[in-house]
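Each chain, written out:
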Amino acid sequence: MNYENTIASKRKSSLPDTHFVNGSVYTNKAIFQKEKEKIFFHTWHFICHESEVLRKYDFRTISFLGQPLIIIRGGDNKIRSFLNVCSHRGAKIIHAPSGNSKKLTCFYHLWSYNDRGDCISIPRENGYDNSNLKKNLCGLTELKTDVFMGMVFISFNEKIMPLNDFIGDSLSSFKNTLCSGKLEVFHYSKSTIKSNWKAWQETNLDLYHEWMHVLLRRTQINAGSMKDRKVQIMPNGHAVVGGLKAKYGSYKGINDRKTTKALPGLSSEDFFFVDLFPNFAILARGTAIRIDVVTPIDENTSLVEWRGLGIKDEDPKDRRLRWKHHNQYWGPFGRNVPEDAFAAEACGEGFINSASRYQIIAREENGTGQDDGMLRAWYKEWSKLTNVNINKP
Amino acid sequence: MLEYEEIVNFIQKSCWMLDEEDFDGFLSLCSKDFQYKITAFSPELNKEMIWMDEDYEGLKNLLGMVPEHLTRLGKFTRHVTIGQTLRGNEEIIIKSSFIAVHTDLNGKSNIFGVGRYNDKIISRDKGVFLLSREAHLETRDLGIGSHVPI
């Protein structure tokens, strides 16, 4: 920062410390390194849905904060995650985003690994006899992996609390839907956006931003009472939002949704969502579910991944309708998601050279309407883990 | 029977009208039973996906709402190369490659997406009309996306 902004300073002085976030929280490289260490390499993270590795030996490869990972369902049906790098010369082993293989073979010198990460084959292995290198020392690095309501989570922290304790009751509202055994991922898209990762996550935490979306103004804000909305702050930085019903017919071009196409455990007009700290959101809209995760690439660039969940093996006509319902809101050509991404990038532009000094998270509506309580609770957890003061980092 | 040159001119016109966000003009080129889709294949899921799926009325409604949305600022230009034309009794199938470039308000251009158009057109007394367009995208990281058909 190379100039004073007395107007911004004066405005800030009226706010409680919990109600604003200093801009350097979004741009400072040292804070970003702390986030990686204390949050991303510390806690649990959603990595994929179990339907993405449905059959034995199905695998997915994913890059998480620059760490190449492979998630594979073993012959014993257990889902495991490994660093997708060869123990020999360090090359990334599997390059395809998905596939099915009993054996993972590195292209470089043909070292092979099984579904449990054991090194099972080293060509001309006796060349290592003098250096005492044996196959049993050359397995892949396994990460902690667990499944909750069909969603696969990983952690780099061997001492992390159990996943059940981390999530607690936060996903209870999704239980009948996610545990129905009938869901699969039917949509996947991703975007690289020019913004700090938190600016994206804030679009899932900031209820007040509904005003930006004409679709939400028509189908939510003006369609019901804001007092019906209930925000629950949950342990570990998570939050649950529900209570509002959507009126889809209020927007020209989007039809009312038929109850018969609703997902198990949902009615067609349901709209509720859960944010799991730090980077996960799951949203239900009766006939489709969206999961999004944001991971930082660097302090000013982020990768957002969106998954849509629908019914497995459904009739092609029903699938087409469900895609439409999902994508009218949440697809890359949808009415909502491009606007959220625009907002995240606009905030990035404001903060990157300190034109914006801080952001205000000061709305209080007793946990209803468009209260900023979720943002404050999220930053409280963020501060606890990073040990960084959001006002004076 | 449409001449090849007329086919090229028609496809180019349909793209330029979208470039100019002349949505009424674009819709005037579409038959009333027009079907529009944006598709992509996900190697992550090993599945085909439909990202936009509208008939004439649905597209008309959505395009009519575009001015009320917060949209990506700047302009798209669709660069089309017709690869194949297949003539049926009445309809003509046209397969083209496209590159959609986005130019921002500062005049900086970036590739938004590449893919293929699978178009079906028909020549009637009142003119030539698009019966269907499928924009199949190879590009799957679309930055902040778009409200406008590609």
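Rules and cut-offs
Residues numbered from 1 in each chain as written. Chains lettered and ligands numbered in written order. Predicted model: local features only at pLDDT ≥ 70, side-chain atom pairs only at ≥ 80, totals over all residues. Heavy atoms only, no water. Salt bridge = Lys/Arg side-chain N within 4 Å of Asp/Glu carboxyl O. Helix = DSSP H or I, 4+ residues; strand = E, 2+ residues; numbered from the N terminus. Buried < 20%, exposed > 50% of the residue type's maximum accessible area, 1.4 Å probe, protein only. 1 Å grid on protein atoms, 1.4 Å probe; cavity = no way out; pocket = protein on both sides within 12 Å on 5 of 7 lines; lining within 4 Å. Points joined across faces, edges and corners; volume = space filled by probe spheres on them. Nonpolar A, V, L, I, M, F, W, Y, C, P; charged D, E, K, R; others polar. Phe/Tyr/Trp six-rings, centres within 6.5 Å; stacked < 30°, edge-to-face > 60°. Lys NZ or Arg CZ within 6 Å of the ring centre and 35° of its normal. Pairing = 2+ DSSP bridges. Axes fitted to C-alpha atoms, helices over the stretch in contact; angles between N-to-C directions. Parallel < 35°, antiparallel > 145°, perpendicular 65-115°, else oblique. Contact = heavy atoms within 4.5 Å. Core = buried A, V, L, I, M, F, W, Y, C linked by side-chain atoms within 4.5 Å. Domains from an automatic or database assignment. Buried area = accessible area lost by both parts, 1.4 Å probe. Polar contact = N/O pair within 3.5 Å; in protein donor to acceptor, adjacent residues only side chain to side chain. Patch = residues over 30% accessible without salt bridge, like charges linked within 9 Å, V, L, I, M, F, W, Y side chains within 5 Å. Areas by Shrake-Rupley, 256 points an atom, 1.4 Å probe, with all protein chains shown as cover. Lys, Arg positive; Asp, Glu negative; His and termini not counted. Charge placed at Lys NZ, Arg CZ, Asp CG, Glu CD.

(A) Expanded view of the pattern of salt bridges. Throughout the structure, instances matching the rule amount to 30 salt bridges over all chains. The closest approach of N and O atoms between K245 of chain A and D270 of chain A, which form a salt bridge, is 2.6 Å. Of the two residues, K245 of chain A is situated in strand β14 (residues 239-245) and D270 of chain A in strand β15 (residues 270-276); the sequence distance between them amounts to 25 residues. A relative accessible area of 12% places D270 of chain A in the buried class. The network of salt bridges with common partners includes E184, E314, R319 and R322 of chain A together with K47 of chain B.

(B) The layout of surface pockets, seen in detail. Here the largest pocket is characterised by a volume of approximately 990 Å³. Put simply, the parts of the chain that give the lining of the largest pocket at least two residues each are α2 (24-27), β12 (183-193) and α9 (337-352) of chain A together with β5 (109-124) of chain B. Sorting elements by how many residues they give to the lining of the largest pocket places α9 of chain A first, with 8 residues. Its residues assigned to classes, the lining of the largest pocket comprises 14 nonpolar, 10 polar and 7 charged.

(C) Layout of the packing of aromatic side chains. Residue and element names in this part refer to chain A. Applying the stated criterion to the full structure yields 26 aromatic pairs over all chains. Through a chain of ring-to-ring contacts, the aromatic side chains of F40, F41, F64, F156, W197, F277, W378, Y379 and W382 assemble into a single cluster. The ring centre of Y188 lies 5.6 Å from the NZ or CZ of R60, which sits over that ring. One residue, R285, lies across the ring of F271, its end atom 4.0 Å from the ring centre.

(D) Representation of the pairing of strand β1 (residues 30-42) of chain B. Residue and element names in this part refer to chain B. Strand direction decides the pairing type here: β1 and strand β6 (residues 127-137), joined by 7 bridges, are parallel. Counted as the bridge partner of I38 is A135 from β6. Counting the residues between successive antiparallel strands, the hairpin from β1 to strand β2 (residues 47-55) contains 4 residues, one of them, N46, with a positive phi of roughly 60 degrees.

(E) Inspection of the packing of helix α3 (residues 29-40) of chain A against helix α10 (residues 373-386) of chain A at higher detail. All names here are of chain A. Closest axis-to-axis distance for the α3/α10 pair is 9 Å, and the angle between their directions is 90 degrees. When the interaxial angle is binned, α3 and α10 end up roughly perpendicular. Mapping the contact onto sequence places I31, K34, E35, K38 and I39 in α3 and W382, L385 and T386 in α10. Of the residues contributing to the contact of α3 with α10, the split by class is 4 nonpolar, 1 polar and 3 charged.

(F) Representation of the sheet that holds strand β8 (residues 112-113) of chain A in the model. All names here are of chain A. Pairing within the open sheet is antiparallel, and its 3 strands lie in the order β7-β8-β9. Each having just a single partner strand, β7 (104-105) and β9 (119-121) make up the two edges of the open sheet. The sheet contact formed by β7 and β8 spans 2 bridges and is antiparallel. Note that in β8 the partner of L104 across the bridge is Y113.

(G) Structural context of the nonpolar core. All names here are of chain A. The biggest cluster of nonpolar side chains holds 60 residues, and the ones touching the most others in it are I47, L69, I71, W200, M374, Y379 and W382. Both domain 1 (49-159) and domain 2 (169-386) contribute no fewer than three residues apiece to this core. Excluding anything up to four places from it in sequence, I71 contacts I47, C48, V53, D58, F59, R60, I62, I79, R80, S81 and V152.

(H) Up close: the pairing of β5 of chain B. All names here are of chain B. One ladder, built from 13 bridges, connects strand β4 (residues 91-103) with β5; its direction is antiparallel. Note that in β5 the partner of F98 across the bridge is G115. Connecting the antiparallel pair β4 and β5 is a turn made up of 5 residues, with G107 showing a positive phi of about 85 degrees. In the sheet, β5 pairs with β6 via 10 bridges, with the strands oriented antiparallel. Opposite R124, over in β6, you have G127 as the bridge partner. Taking the residues between adjacent antiparallel strands as the criterion, β5 and β6 are bridged by 2 residues.

(I) How the structure looks around the domain arrangement of chain A. Residue and element names in this part refer to chain A. Split by domain assignment, chain A resolves into domain 1 (49-159) and domain 2 (169-386). Between domain 1 and domain 2, the C-alpha centre-to-centre distance is 32 Å. The interface is formed by 12 residues belonging to domain 1 together with 18 residues belonging to domain 2. Here domain 1 and domain 2 share an interface that buries about 1100 Å² over both sides, 73% of which is from carbon and sulfur atoms. Looking only at domain 1, the three residues that lose the most surface to domain 2 are H49, M149 and M151, adding up to 46% of its buried area. Our enumeration of links across domain 1 and domain 2 arrives at 1 salt bridge. The interface formed by domain 1 and domain 2 contains 2 residue pairs in polar contact (both at pLDDT 80 or more). Of the residues forming the side of domain 1 that touches domain 2, the biggest block, 3 residues, is contributed by strand β3 (residues 58-64).

(J) Representation of a positive patch on the surface within the structure. On the surface, K252 of chain A together with K32, K60 and K126 of chain B cluster together to form a positively charged patch. Relative to the helices and strands, K252 of chain A is located in the loop between β14 and β15.

(K) Empty space enclosed by the protein, seen in detail. Residues and elements named next belong to chain A. For the coordinates displayed, the defined rule picks out 6 cavities of 30 Å³ or more. Here the largest cavity is characterised by a volume of approximately 210 Å³. Lining the largest cavity are 19 residues, and of these T203, H209, L216, F271 and L283 lie nearest its centre. At the level of elements, α6 (197-205), α7 (214-221) and β15 are the ones that each hand at least two residues to the lining of the largest cavity.

(L) Local environment of unusual backbone geometry. All names here are of chain A. Across the junction of F277 and P278, the peptide omega takes the value 5 degrees, indicating a cis bond. Here P278 shows up in the loop between β15 and β16 (280-284). Phi is positive for S354, which is not a glycine, with a value near 70 degrees. Its place among the elements puts S354 in the loop between α9 and β19 (358-360). Residue classification places S354 among the buried residues on the basis of a relative accessible area of 19%. Positive phi values are uncommon outside glycine, yet N366 reaches one of about 55 degrees. For N366, the position within the fold is in the loop between β19 and α10. Using a relative accessible area of 78% as the deciding quantity, one classes N366 as exposed.

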